[in-house]
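These are the residues of each chain, in order.
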Amino acid sequence: MDPIQAYLDDFGKVTAIVNRNQNNGVTGGFYLSDEEGTVLECVIAGVEEHHDCIRYHLTIPTTYVFDKAYTLWNAHGLHTPLIVRFIVQTEEFDRMFAYDGDDLGALYHPLHTDFAVWAPTAQEANVQIYRQDGSMFSAAMHRGEKGVWRVSIKEDLKQATYVYILHHNGVAVSTGDPYALSSTANGRRSAIIDVDELEKIKDESRLPTLKSYTDAILYECSVRDMTSRADTGTREHGTFNALAENGTGRQGEPTGLEHIVSLGVSHVQLQPVNDFATVDEQNPSRSYNWGYDPACWMTLDGSYTRLPMDPYARMKEFRKLVVNMHARGLRVNVDVVFNHMYDAYDCSLNRIVPYYYFRYTDRQYLGDGSGCGNDIESRRPMTRHYLKHVLTTWMRLYHVDGFRFDLMGILDVETMNILASTCRTLKEDVMIYGEGWDMPTALAPEEKARIYNQRRMPHIAHFNDTFRDIVKGGSADDRKYEKGFLTGAVDMGFDMCSVLAGNAMGAPFFRRFDNPDQSINGVETHDNLTAWDKMHFCCREEPRELRIRRLKMILAATIFAQGIPFLHAGIEFAGSKQDCANSYNAGDAINQMNWDRAIRNRDLIRYTRACIAIRRQFRAFRLVDGETLKQCVSFAIPYTGVLYYDIRLSDEQTGTEQIRVIFNTLNTVHEAHFDDRWAVVLDENGLGEEIQQQDFMIPAYTTVVLKKRSVV
């Protein structure tokens, strides 16, 4: 512990801590002095005695100014720089300094580049610029309104990079720019970017408007995992370029992007592609990480390009990837980890304005509801400013179509609604959704962007863990032996009815959402065991053929339930991670797409394609609002283990008036006789036929979809 410490925690208030090793911590008084020696007297307003120190609560004059550095002295001559701390999280600080301009960062023009950084607690700021020819120079920045420091450099800096040097709290720190559009490898320097270079890559595809979230079918994958295997057939592996490549395949089956397109999904959800910390971008093969350890939210990660030192390469290649996915009929959502930073102290946000962007507990410790050592303080105006800027910049530069928010429950309701509204000004059918778990962060329950507050976020969807747990059983490692309705818990039929309605139907069923378009239905994500690996435990005594039949039922339930279907890459061919339940850093061999399994289980892939095609064909599976759902959907359980899921909806396009989905989870054939005539849309092999009949034999462990024609 230092002999003396001093913190500015509110307007007119300083906390001083004196070590007991110094005069037993006792002192007669304190004063502040600035760089010119001007003195501000301090009044001791309170004293707290502790075993190793004495804490003094001081009152100071209101003449304190933020563009000066102050030193606190005590009566014994001990002194220390005054650290500007929790005052930055006060409403008055925001009133004085919150900035709503759109010119932060480095704005390039051929004849000049304008630099602007929001650093209201800094006493000095410089930008250090590295030209393409290797020369370097520094330029002093000038403090302006709202604590924004600026300088304009009158030369062409198109290929230059830079860092900021800021002086605050008694030290000088070097940092990248959180508003920079790109960087060199591993974020060492920020890059000055001519955005006209990206505009040369045209996005000429005009996808039809997404009328409702329920029209979406999400497919989650990792840029690296989709092509990291050598037998993918791509020229590169694990990069933006590799995933953008057309025409790849193996033994007659498509791979990479071709595989995704062949499924018929509407959206690709990419795991984080922004700059993350734990993969060396210059040697990516030496380490592995999913990317949920953000270093900077604005810039792309250089491990997804073969040219990590070229700040333009990753930007152009990602834009080409999105453009090509659009050309292939796919929209692109990206996973954003706005709940924490990998290193709260060393990230550029904190180095520029210490203590501002992170949430602290009442005991003045960093919050840790994320389980990653820190939580973002989403309620601060400049946090919201930055998050809005990141999302809108990515929409403009890369034309992305939506955002999945990791651990969304760390963020607050108001911020999420602001972000959703802001994104919709650029793209009306943008998708905004996330993990609405009730996280133990330092927010009041009503403030958290969690499922229980879904009514206050009507245009934001949530991952439905109730669906996941009822369909296949709990996903946590300590619940891997737990069964769901389709993995053997046949007495859970009533709960299964609830989740097939997207938990939006209400009494007598469990209701979580006002409308089905708020429920994202999936049984596996990148986290936890895959569905196939879970069955290694909960269905461990069953033969492989039976587990394949169960997986088909799981896929059918995911795709035909009301709400938004969500598929994790590989589930369509019984993907396995060798029973690894938390593979975030387990390497390529565990995480990569296994095309051998895809070939071995090609019938399962074809079944998945058939289910997706049926969902897209029949409007009955894509109901939008809760009232329509209540009128159209009904359930019946003729006996334990068999479930009928009916949707009565007149559909002129398909000539149907009713759809019936039958789940037979028993080991015996289910014989069904109906008064009306029905045709099979989907059988256990993914096939249908137009023959109208009244009697059906539903094989064991099978999902069948029937349709009834409209009366002409």
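Residues numbered from 1 in each chain as written. Predicted model: local features only at pLDDT ≥ 70, side-chain atom pairs only at ≥ 80, totals over all residues. Heavy atoms only, no water.

Student: Requested: an account of the overall build of the protein chain, with residues and values cited.
Tutor: Secondary structure summary: the protein chain contains 17 helices and 37 strands in total. Relative to the globule expectation of 27 Å for 712 residues, the C-alpha radius of gyration of the protein chain, 29 Å, shows essentially globular dimensions. Considering only C-alpha atoms, the protein chain reaches an extent of 95 × 60 × 45 Å along its principal axes. Looking at the protein chain as a whole, 63% of its 712 residues are labelled buried. Here the analysis covers contacts within the protein chain between residues at least 6 apart in sequence; of these, 70% occur between residues at least 24 apart. Distance between charge centres in the protein chain, computed from 76 positive and 96 negative side chains, equals 4 Å. (Helix = DSSP H or I, 4+ residues; strand = E, 2+ residues; numbered from the N terminus. Rg over C-alpha atoms; globule rule 2.2 N^0.38 Å. Buried < 20%, exposed > 50% of the residue type's maximum accessible area, 1.4 Å probe, protein only. Contact = heavy atoms within 4.5 Å. Lys, Arg positive; Asp, Glu negative; His and termini not counted. Charge placed at Lys NZ, Arg CZ, Asp CG, Glu CD.)

Student: Can you explain empty space enclosed by the protein? Please cite residues and give values.
Tutor: Sizing a probe to match a water molecule and rolling it over the atoms shows the empty space that remains. Enumeration according to the criterion identifies four cavities of 30 Å³ or more in this entry. The computed volume of the largest cavity comes to approximately 160 Å³. Listing elements by their share of the lining of the largest cavity, those giving two or more residues are β20 (218-221), α3 (223-227) and α14 (588-591). Taken together, the residues of the lining of the largest cavity sort by class into six nonpolar, 10 polar and five charged. One number sums up the size of the second largest cavity: a volume of about 70 Å³. The wall of the second largest cavity is formed by Leu 104, Gly 105, Ala 116, Val 117, Trp 118, Asp 177, Pro 178, Tyr 179, Ser 348, Leu 349, Ile 352 and Tyr 357. Taken together, the elements giving at least two residues each to the lining of the second largest cavity come down to β11 (112-118) and α7 (348-352). Considered class by class, the residues forming the lining of the second largest cavity number nine nonpolar, two polar and one charged. (1 Å grid on protein atoms, 1.4 Å probe; cavity = no way out; pocket = protein on both sides within 12 Å on 5 of 7 lines; lining within 4 Å. Points joined across faces, edges and corners; volume = space filled by probe spheres on them. Nonpolar A, V, L, I, M, F, W, Y, C, P; charged D, E, K, R; others polar.)

Student: Before we move on, could you go through the pattern of salt bridges and cite the residues and values that matter?
Tutor: Taken as a whole and assessed by the stated rule, the structure comprises 55 salt bridges. One salt bridge in this structure joins Arg 384 and Glu 414, with 3.5 Å as the shortest N-O distance. With Arg 384 in helix α8 (residues 381-398) and Glu 414 in helix α9 (residues 413-426), the pair connects residues that are 30 residues apart, well separated along the chain. Its relative accessible area of 48% is what places Glu 414 among the partly exposed residues. (Salt bridge = Lys/Arg side-chain N within 4 Å of Asp/Glu carboxyl O.)

Student: Kindly report on the environment of Val 430, identifying the contributing residues and their values.
Tutor: Position of Val 430 relative to the elements: it lies in the loop between α9 and β28 (431-434). In the structure, Val 430 is positioned 30 residues away from Val 400 in sequence and 8.5 Å away in space, judged by C-alpha atoms. With residues near it in sequence (within four places) discarded, Val 430 still touches Tyr 213, Met 395, Asp 401, Gly 402, Cys 423 and Arg 424.

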